[in-house]
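Residue-level structure breakdown
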Amino acid sequence: MPAPAGPPAPAPYAGGTSGRRTGGAPAAGGPAPQGLREATPRGARRGARRALWALPPVAVLALVFLYPLALVVQQSFTPENGGGAFDAYASVFASASFREALGTTVWLAVGATAGCLLLGFTLALIIAFVPFPGAKAVAKFIDVFLSFPSFLITLALLFIYGTVGMANGVWTDLFGVADGPFHFLGTPWGVLLAEITYFTPFVMRPLLAAFSQLDTAQLEVAAGLGARPARIVRQVILPESLPALAAGGSLVLVMCLNEFGIVLFTGAKDVTTLPMLIYGKAILESDYAAACVVAVVNIAISVGLFGLYRVVGKRAGA
């Protein structure tokens, strides 16, 4: 009995002008399909249009920001009175005024950041977890407060604690003396108070956002197990809010390093920060090379800390 016939052998491929195999794949070396031939020029034209749309903002950024920044860096290496490229840097770094300004800037920024973290965390806890009338209005006011200029807060503190402010006026009226005891606004402590007052909402805003996403079931379970409020804050709320605290603190640190208006409006003559030193070198002394050197140092510190803020912000989901 003859064996059953197997499946017919596939017909050999005969190359034709269509450029396609039997299964639909294009033959090697054959012409590309019509859609593929049209896709490449069309994609190139679309990319060219996108590049043209990007040119205006890039040009504005280069003209308004990058070009002046490049001039500042160039001026720091080419002093007007001649000399080597690093002579201005060596002179500024060797000066006592620069070292004092750098130290003052760092300790004011670190102190203000620590104060903002402590005060901001406490106020955010009260607003988020302690029910009181107007809590939502206070939370919304924090968003509005972020748009206030820094000198406005300093001006308000001058009205209260200035030499002729309300506090000194009440003191002189009560005790019949010619002068009051409140003169700290012209000291580093007055600058520190003004910076903490102004920058605390920048810490509270991410904290309130983090608290709004906190699972209240954890708080209820902890309270049901007999945990006191302090322990709940320490073991439940604080760990969840650490990324928001780090993001807000990093932002405040960067802003405090570059703060100029608060120091200027407090009238603290003995407080010289890096921005104040730049102002003094450029405007009062007309030493533009030294001012540019200090500016380059300030920019380098700020960019480094801003990079840290971005990393922390991404980890915090900001």
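Reference entry: report on the structure contained in this document. (Residues numbered from 1 in each chain as written. Predicted model: local features only at pLDDT ≥ 70, side-chain atom pairs only at ≥ 80, totals over all residues. Heavy atoms only, no water.)

1. Quick look at the overall build of the chain
- Counting its regular elements, the chain contains twelve helices and zero strands.
- Reading the secondary structure of the chain in the N-to-C direction produces α-α-α-α-α-α-α-α-α-α-α-α.
- Looking at the 318 residues of the chain, the share that counts as buried comes to 32%.
- Relative to all contacts within the chain whose residues are 6 or more apart in sequence, the contacts with residues 24 or more apart total 69%.
- Total accessible area computed for the chain in this model is approximately 19700 Å², and 68% of it derives from carbon and sulfur atoms. (Helix = DSSP H or I, 4+ residues; strand = E, 2+ residues; numbered from the N terminus. Buried < 20%, exposed > 50% of the residue type's maximum accessible area, 1.4 Å probe, protein only. Contact = heavy atoms within 4.5 Å. Areas by Shrake-Rupley, 256 points an atom, 1.4 Å probe, with all protein chains shown as cover.)

2. Quick notes on the side chain of Ser241
- Following the sequence through the fold, Ser241 ends up in helix 9 (residues 229-257).
- Those residues in contact with Ser241 that lie beyond four places of it in its chain are Phe121, Leu207 and Phe211.

3. Remarks on a nonpolar patch on the surface
- A cluster of nonpolar side chains, Phe151, Leu152, Leu155, Phe159, Ile160, Met166, Leu264 and Phe265, forms an exposed patch at the surface whose accessible area comes to about 730 Å².
- Looking at the nonpolar patch, the elements with two or more residues in it are helix 5 (150-161) and helix 10 (261-266).
- With respect to the helices and strands, the residue Phe159 is situated in helix 5.
- The exposure class of Phe159 is exposed, given its relative accessible area of 55%. (Patch = residues over 30% accessible without salt bridge, like charges linked within 9 Å, V, L, I, M, F, W, Y side chains within 5 Å. Salt bridge = Lys/Arg side-chain N within 4 Å of Asp/Glu carboxyl O.)

4. With respect to helix 9
- If you check helix 9, its first and last C-alpha atoms are just 36 Å apart, much less than what 29 residues at 1.5 Å a residue would give, namely 42 Å.
- Helix geometry: helix 9 is bent most strongly at Leu238, by close to 50°, with proline Pro239 lying one to four residues after it. (Expected span 1.5 Å × (residues − 1). Bend = angle between axes of the 7 residues up to and from the residue.)

5. A few points about the environment of Ala291
- By secondary structure assignment, the location of Ala291 is in helix 12 (residues 288-316).
- By relative accessible area, which is 5% here, Ala291 ends up buried.
- Excluding residues that lie within four positions of it along the chain, Ala291 makes contacts with Ile278, Lys281 and Ala282.

6. Some details on the pattern of salt bridges
- The full count for this structure, using the stated rule, is two salt bridges.
- Of the charged contacts in the structure, one is a salt bridge between Asp143 and Arg205, with a shortest N-O distance of 2.5 Å. Residue Asp143 is located in helix 4 (residues 135-145), and its partner Arg205 is located in helix 7 (residues 188-212); the two are separated by 62 residues in the primary sequence.
- With relative accessibility at 36%, the residue Asp143 sits in the partly exposed group.
- Residue Arg205 is classed as partly exposed on the basis of its relative accessible area, which comes to 34%.
- Put simply, Lys281 and Glu285 hold a salt bridge, and the shortest N to O gap is 3.5 Å.

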